[in-house]
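Observations on the three-dimensional arrangement
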Amino acid sequence: MYKEIENSVCAPKGFTAAGMHCGLKKNKNKKDLALIYCDKICTAAGVYTTNAVKGAPVTVTKENLKNGLAQAVICNSRNANTCNKDGEEKAKLMCSLIAEKLNINESDVIVASTGVIGQTLPIEPIKNSCGELVSKLSKTGANDAAQSIMTTDLFTKEAAVEVALKDNTLVKIGAIAKGSGMIHPNMATMLCFVTTDINISSQMLAKALKYASDDTFNMLSVDGDTSTNDMLTVLASGQAGNNIIEEENDDYKVFCEALKFVCRKMTVLMAKDGEGATKLVVCKVSGAENKKIAKCVARAVISSNLVKTAMFGEDANWGRILCAIGYGYNEVDVSKIDVLLSSENGKVDVCQNGYGVEFSEEIAKEVLSSDEIDININLKAGNSYAEAFGCDLTYDYVKINGDYRT
């Protein structure tokens, strides 16, 4: 249904991007300032962290997007610009500095930051680089932008798809993201910038973004910490040429599913790149009475540190999974629960009707030795399904975070 294409955020019509080293990171070979730009004003929407302690860029971006319009995204890494007295002042200055170079309104700029919390953001490196950043804008600049927003990420996170609406109009959706640690719903700690050329009202765009994020980013957990700077935004240029979407019609539904597909790809990449992680773990819950219960159970299992460490140790300790199910939704009928562990190396039943079954520890270890593992749970109480995304918890997670600031 979806044709995967190249150039991520630059794939949709109207968009260019750039990334460069401005001087925030000590290593001159690492980029730290990103820009995404559309040649026309876009409808726009955002979803943000639920943490009461919010980064200044989150506050400024929420204010700028109140009218549902935007034209550019600027983002720095290395410094989160959070818990600083002059944080909002500098976030607004980042908007005005890049807006001046782009000749657009500063209120039409989305601003984001990621990195260390509580350290003053040096604005001079950003100020001195805005002109060069704009000059680097190109249709091939998406990867540079994706590199520029990385912190502890080990690889860039990009995706783009093309999908046909009901009248065969082709619509493109692209995304870049960062996220490796401090990841837990709601939202999962991350930055994700989505672009699309669909013609859609800001109200319907916001509704579609919430729909997509609820089943993807909000079902992702690496370490149980919800960040201060989480931000997911989308800009729609309207240049695909379709009739404007202003209601939940067939085209809206097609767009929603395509947007969710892209968001899921970003979510999986973040889970794979969890700090210190060696395994992607997906918990798939079927047979739930309703979607809410399925989500509660999936989230509880994927967020359990005991389950995460068992996955790291390649230990089929299914009792930890049952334990997490029990506190994830405490009215579940334990006597119906089945648990199956699977990977490209095979599968093994470890629990049926709430009780353990005999299985080969050797086969189980082989299944869990894969770098992608599915925990399949059947509650046998209905027809609802949900999945949550995470990773194993390793020694390296402690090493990475033990000296992150220093």
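Owing to the predicted nature of the structure, the values given are computational and were not obtained by experimental measurement.

Calculation criteria
The numbers attached to residues start from 1 for each chain and follow its sequence in the written order. Only residues with pLDDT of 70 or above have their local features reported here, since the model is predicted, and side-chain atom pairs are shown and tallied only from 80 upward, although totals for entire chains, interfaces and linings are computed over all residues. To obtain the side-chain values, all non-hydrogen atoms of the structure were used and water was disregarded. Segments assigned H or I by DSSP are reported as helices when at least four residues long, segments assigned E as strands when at least two residues long, and all are numbered from the N terminus. Contacts are residue-level and defined by heavy atoms, with any inter-residue pair within 4.5 Å sufficient. The convention used is that axes are lines fitted to C-alpha atoms, helices contributing only their stretch in contact, and that angles between N-to-C directions extend from 0 to 180 degrees. When an angle is under 35 degrees it counts as roughly parallel; over 145 it counts as roughly antiparallel; between 65 and 115 it counts as roughly perpendicular; any other value is oblique. By convention the crossing between two helices is left-handed if the near helix lies anticlockwise of the far one by an angle smaller than a right angle, and right-handed if it lies clockwise. Only Asp, Glu, Lys and Arg are considered charged, only Ala, Val, Leu, Ile, Met, Phe, Trp, Tyr, Cys and Pro nonpolar, and every remaining residue, Gly among them, polar. Should DSSP find at least two bridges between two strands, the strands are taken to pair. Burial here depends on accessible area, computed with a 1.4 Å probe over protein chains only, as a share of the maximum for the residue type. Under 20% is buried, over 50% is exposed, and the range in between is partly exposed. Side-chain atoms within 4.5 Å are what join buried Ala, Val, Leu, Ile, Met, Phe, Trp, Tyr and Cys residues into a set we call a nonpolar core. Here a salt bridge means any side-chain nitrogen of Lys or Arg lying within 4 Å of a carboxyl oxygen belonging to Asp or Glu. What qualifies as a polar contact is a pair of N or O atoms within 3.5 Å, subject to a donor-acceptor requirement within protein and to the restriction that residues adjacent in sequence count only when both atoms come from side chains. Using a grid of 1 Å spacing that covers the protein atoms alone, one calls a set of points a cavity when a 1.4 Å probe fits there but cannot get out, and a pocket when the set is open and has protein on both sides within 12 Å along at least five of seven lines; lining residues are those with an atom within 4 Å of a point. Grid points are joined across faces, edges and corners, and a volume is the space filled by probe spheres set on the points. Whether two aromatic rings pair depends on their centres lying within 6.5 Å, for rings of Phe, Tyr and Trp, where Trp uses its six-membered ring; planes under 30 degrees apart make the pair stacked, over 60 edge-to-face, and the rest tilted. Only Lys NZ and Arg CZ are tested; either one counts as a charge over a ring when it is within 6 Å of the ring centre and within 35 degrees of the ring normal.

This paragraph deals with the side chain of T233. Locating T233 in the fold gives a position in strand β9 (residues 231-236). If sequence neighbours within four positions are ignored, T233 has contacts with A45, G46, L65, I110, C192, F193 and V194.

Close contact between helix α6 (residues 202-214) and helix α7 (residues 250-272) brings their axes to 9 Å; oriented N to C, the two are set at 45°. Judged by the angle between their axes, α6 and α7 are oblique. Crossing of α6 over α7 shows right-handed handedness. The residues of α7 that touch α6, namely those facing M204, L205, K207, A208, L209, Y211 and A212, are Y252, F255, C256, E257, L259, K260 and C263. Residue composition of the contact of α6 with α7, grouped by class: 11 nonpolar, no polar and 3 charged.

Further remarks concern the pairing of strand β12 (residues 346-352). Across 5 bridges, strand β11 (residues 338-343) lies against β12 in antiparallel orientation. Bridging from a neighbouring strand, L341 pairs with V348 of β12. Remark: 2 residues form the turn of the hairpin made by β12 and strand β13 (residues 355-356), two consecutive strands paired antiparallel; N353 in that turn has positive phi of roughly 55°.

Turning to helix α1 (residues 56-64), its buried residues are A56, P57, V58, V60, T61 and N64. In the core, the buried residues of α1 are packed alongside β3 (33-48), β4 (69-76), α2 (87-102), β5 (109-113) and β9.

With that settled, consider the sheet that holds strand β15 (residues 384-391). Read across the sheet, 6 strands follow the order β13-β12-β11-β14-β10-β15 without closing on themselves; strand pairing throughout is mixed. Looking at strand neighbours, the two that pair on one side only are β13 and β15, the edges of this open sheet. Taken together, the 6 bridges between β11 and strand β14 (residues 372-378) define a ladder with antiparallel strand orientation. Following the sheet pairing, V339 is matched in β14 by I377.

With that settled, the discussion passes to the pairing of strand β2 (residues 15-20). By the criterion of burial, β2 is predominantly enclosed, with 6 of the 6 residues buried. Here β2 runs beside β3; their pairing, made up of 6 bridges, is antiparallel. Following the sheet pairing, A18 is matched in β3 by L35.

Moving on, we get to the nonpolar core. In this structure, V339, L341, I375, I377 and L379 are the most contacted members of the largest nonpolar core, which totals 78 residues. A per-element tally of this core places α7 first, with 12 residues. With residues near it in sequence (within four places) discarded, L379 still touches V285, S286, G287, A288, I293, V297, I325, V332, K336 and I337. Counting 28 residues, the second largest nonpolar core, distinct from the first, contains Y37, C95, L97 and L102.

Our next topic: the pattern of salt bridges. Proximity of charged atoms lets side chains of opposite charge pair with each other. If you walk through the whole model with that rule in mind, you get 20 salt bridges. The closest approach of N and O atoms between K380 and D338, which form a salt bridge, is 3.2 Å. Of this pair, K380 sits in the loop between β14 and β15 while D338 sits in strand β11, and the two are 42 residues apart along the sequence. Through salt bridges with shared partners, a single network forms among D215, E257, K260, K291 and K295.

Moving on, we come to the environment of D392. With respect to the helices, strands and loops of the structure, D392 is situated in the loop between β15 and α12 (395-402). A residue is classified by how much of its surface remains accessible, and D392, at 1% relative accessible area, is buried. Excluding anything up to four places from it in sequence, D392 contacts A277, T278, K279, V281, K308, M311 and F312. Within polar-contact distance, the side chain of D392 engages the side chain of T278 at 2.3 Å.

Here we come to the layout of surface pockets. If a probe as big as a water molecule is rolled over the atoms, it shows which places are left empty. Roughly 500 Å³ of volume is contained in the largest pocket. Lining the largest pocket are 19 residues, and of these K25, K30, R78, T151 and T152 sit closest to its centre. Of the residues belonging to the lining of the largest pocket, the class tally is 4 nonpolar, 7 polar and 8 charged.

For the structure shown, the criterion picks out 2 aromatic pairs. Arranged with centres 4.8 Å apart and planes meeting at 35°, the rings of Y2 and F261 form a pair that is tilted. Linking Y2 in the segment before β1 (3-4) with F261 in helix α7, this pair joins segments that are 259 residues apart in sequence. Given a relative accessible area of 27%, F261 falls into the partly exposed group. Taking the centre distance of 5.2 Å and the plane angle of 90° together, the rings of F312 and Y395 count as edge-to-face. Of the two residues, F312 sits in helix α9 (residues 305-312) while Y395 sits in helix α12, which places them 83 residues apart along the sequence. Judged by its relative accessible area of 27%, F312 is partly exposed. Directly above the aromatic system of F155 lies the positively charged group of K157, at a separation of 4.5 Å from the ring centroid.

Purely geometric numbers; function is a separate question.
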